[in-house]
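Fold and contact review
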Amino acid sequence: MSGANPVRGEAALRIAGETVVLRPSFAALVAAEAELGPLFALVERAAAGQLSLAELVGLFWHCRHAAPPALSRETFGESIVTSGLAAATPVLRVLLAQILGGR
């Protein structure tokens, strides 16, 4: 079981041997927007295949929920690269759908 609740718009991602739930809450999205700029522009870049790795990691980092306390952002980002972008793409799709459609 992933621990992610799809009704809440959550997605699960394997990071550093742990399953981390990503929850696009209002607070998480506000924090992501403060770092990455307007969310609609982020969605447009993603749709055009122009989302940077830093933006992907930033969005995921801000949406992490109940992640292991020892998990640093650097380890988080390295784990995404190690797992490959193909593993991150379905999770990104869930978060982008929540940004656009809400719950």
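Residues numbered from 1 in each chain as written. Predicted model: local features only at pLDDT ≥ 70, side-chain atom pairs only at ≥ 80, totals over all residues. Heavy atoms only, no water.

Considerations on the overall build of the chain
Along the backbone of the chain there are five helices and three strands. When the helices and strands of the chain are placed in sequence order, the string is β-β-α-α-α-β-α-α. Relative to its 103 residues, the chain shows a buried fraction of 40%. A separation threshold of at least 6 residues defines the contact pool for the chain, and within that pool the share at least 24 residues apart is 59%. Summing over all exposed atoms, the chain offers an accessible surface of approximately 5700 Å²; the carbon and sulfur share of this is 58%. For the chain, the centre of its 8 positive side-chain charges and the centre of its 8 negative side-chain charges are spaced 8 Å apart. (Helix = DSSP H or I, 4+ residues; strand = E, 2+ residues; numbered from the N terminus. Buried < 20%, exposed > 50% of the residue type's maximum accessible area, 1.4 Å probe, protein only. Contact = heavy atoms within 4.5 Å. Areas by Shrake-Rupley, 256 points an atom, 1.4 Å probe, with all protein chains shown as cover. Lys, Arg positive; Asp, Glu negative; His and termini not counted. Charge placed at Lys NZ, Arg CZ, Asp CG, Glu CD.)

As for the environment of Leu 39
Within the secondary structure, Leu 39 is located in helix 2 (residues 39-47). Taking C-alpha positions, Leu 39 is 20 Å from Leu 85, a pair spaced 46 residues apart along the chain. Non-local contacts of Leu 39, meaning those with residues more than four positions away in its chain, are made with Leu 29, Glu 33 and Ile 99.

Let's talk about the packing of helix 2 against helix 5 (residues 85-101)
The contact between helix 2 and helix 5 brings their axes to 10 Å, and the two run at 135°. If you check the angle between helix 2 and helix 5, you find them oblique. Where helix 2 crosses over helix 5, the handedness of that crossing is left-handed. Where helix 2 approaches helix 5, its residues Leu 39, Phe 40, Leu 42, Val 43 and Ala 46 are matched on the opposing element by Leu 96, Ile 99 and Leu 100. Its residues assigned to classes, the contact of helix 2 with helix 5 shows eight nonpolar, no polar and no charged. (Axes fitted to C-alpha atoms, helices over the stretch in contact; angles between N-to-C directions. Parallel < 35°, antiparallel > 145°, perpendicular 65-115°, else oblique. Left-handed = near helix turned anticlockwise from the far one by under 90°. Nonpolar A, V, L, I, M, F, W, Y, C, P; charged D, E, K, R; others polar.)

Quick look at the pattern of salt bridges
Between side chains of opposite charge, pairing is possible as soon as their charged atoms come close. What the rule picks out here adds up to four salt bridges. Ionic pairing is found between Arg 45 and Glu 55, a salt bridge with its closest N-O pair at 2.6 Å. Here Arg 45 is found in helix 2, whereas its partner Glu 55 is found in helix 3 (residues 53-63), with ten residues between them in sequence. For Glu 55, a relative accessible area of 13% translates into the label buried. Residues joined in a network through salt bridges with shared partners are Arg 8, Glu 10 and Arg 23. (Salt bridge = Lys/Arg side-chain N within 4 Å of Asp/Glu carboxyl O.)

Section: the nonpolar core
Counting 29 residues, the largest nonpolar core has Leu 22, Leu 59, Phe 60, Phe 76 and Ile 80 as the members making the most contacts within it. Elements represented by at least two residues in this core include exactly strand 1 (11-15), strand 2 (18-22), helix 1 (26-36), helix 2, helix 3, helix 4 (73-83) and helix 5. For Phe 76, the residues in contact, after removing those within four places along its chain, are Ile 15, Leu 22, Val 57, Phe 60, Trp 61 and Leu 71. (Core = buried A, V, L, I, M, F, W, Y, C linked by side-chain atoms within 4.5 Å.)

Bear in mind that shape data such as this cannot, by itself, settle questions of function.
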